[in-house]
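# Survey of secondary and tertiary structure
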Amino acid sequence: MNVLLLGLFGGLFLFGGSQVRRFESEAAKEIASKLSGPEKRVSVKVRPAGLSGALASATIQASRFETEGLPLFTEPDRSTRGVVHELRIRLSDFSLRGLRIEQLSATIPDCRFDYALAVRRHQIRLSRSGVGQGTVSLLAEDLERYVLRKFSEIKRVEIEISGGRLRVSGYGEFLIVSTNFDVDATLRAVEGTRFVLEDAKVRFDGREAEPLARDALLGTLNPIVDLDQDLELHGAILVDRIVLEEGRIVASGTTRIPIKP
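Below is a summary of the structure that appears in this document. Think of each chain on its own: its residues are numbered from 1, step by step along the sequence as written. Thresholds applied to this predicted model are a pLDDT of at least 70 for local features of residues and 80 or more for the giving and counting of side-chain atom pairs; totals over whole chains, interfaces and linings are not thresholded and use all residues. Side-chain metrics rest on all non-hydrogen atoms present in the structure, leaving aside hydrogens and water.

### Regarding the pattern of salt bridges
Note the following rule: By definition here, a salt bridge exists when the distance from a side-chain nitrogen of Lys or Arg to a carboxyl oxygen of Asp or Glu is within 4 Å. Counting from the N terminus, the helices are DSSP H or I runs at least four residues long and the strands are E runs at least two residues long.
Inspection of every chain in the model, using the stated rule, returns 19 salt bridges. One salt bridge connects aspartate 110 with arginine 112, and the closest N-O pair in it is separated by 3.0 Å. For the salt bridge of aspartate 199 with arginine 165, the shortest nitrogen-to-oxygen distance reads 3.1 Å. Placement of the pair is aspartate 199 in strand S11 (residues 194-204) and arginine 165 in strand S9 (residues 165-173), with a sequence separation of 34 residues.

Written out as structure tokens, the structure reads:
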């Protein structure tokens, strides 16, 4: 998200307090220019912490946009003199590489940036990220559309989330068979990035699947979402808890701004 933060704080070092609102507006326009979608909305709020290169907080809010990858990275070779004590990211109703996400919220402390570059060129390059906490929520109907896009074998799918379990049912054309299927399972985050169906009960055309056939279907569907491979988050989120609510997946864990690849 260097793209999102490019120029985000530079004006604060040259303008007085009366210019902060104007600067926030310009920063929001810069962010919006890097996101797609006719109804995108972006706002930026900052709270300076004196004139020593420190910001008490910076909050980025955005909604109704589309993006093909994470636009935020750190560049460790740069100076760490500038400090953002608390970076807040609040995103809602957006699409990341074809997966609509209901909401993403992250609060990351102790981020650093190249202060000299900010003063000289009014640009911000993050040089270090702290480790914070974040939460992301997905709706069942959005996961349905994503599954159809991700798995070419799946021709029809319906996903229900209820009672702490996730049910994936539909019709698929697999390597050796074409069949209706039904999977009733829990969901677990493996290594913090891969959402995997577990404790699964599998049926084909209404009959309980044989172990080999069951494992073959689960091998096709797992991971149903891979945060790094599918969404290219580069370890920005490491999920340690998944809650299956009514019609919704809520995942939470540690967040950071990853190093630029």
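### Re a nonpolar patch on the surface
Heads up, the rule is: To count toward a patch, a residue needs a relative accessible area over 30% and no salt bridge; like charges are then connected within 9 Å, while nonpolar side chains (Val, Leu, Ile, Met, Phe, Trp, Tyr) are connected within 5 Å. Each accessible area is a Shrake-Rupley estimate made with a 1.4 Å probe; only the visible protein chains count as cover when residues are assessed.
Judged by side-chain polarity, Leu175, Ile176 and Val177 come together as a nonpolar surface patch covering roughly 400 Å² of accessible area. Within the fold, isoleucine 176 resides in the loop between S9 and strand S10 (178-190).

### Remarks on the packing of aromatic side chains
Keep this limit in mind: Between the rings of Phe, Tyr and Trp (Trp by its six-membered ring), a pair exists once the centres lie within 6.5 Å; its type follows the angle of the planes, with under 30 degrees stacked, over 60 edge-to-face, and the other angles tilted. In this scheme, a residue with accessible area under 20% of its type's maximum is buried, one over 50% is exposed, and one in between is partly exposed, where area comes from a 1.4 Å probe on protein chains only.
This model, assessed by the stated rule, comprises two aromatic pairs. With 4.9 Å between their ring centres and 10° between their planes, phenylalanine 65 and phenylalanine 94 make a pair best called stacked. With phenylalanine 65 in the loop between strand S2 (54-63) and strand S3 (66-67) and phenylalanine 94 in strand S4 (residues 82-96), the pair connects residues that are 29 residues apart, well separated along the chain. Residue classification places phenylalanine 65 among the buried residues on the basis of a relative accessible area of 4%. Arranged with centres 6.2 Å apart and planes meeting at 65°, the rings of phenylalanine 174 and phenylalanine 181 form a pair that is edge-to-face. Exposure remark for phenylalanine 174: the relative accessible area of 18% places this residue in the buried category.

In short, the description is geometric, and any link to function would need to be established separately.
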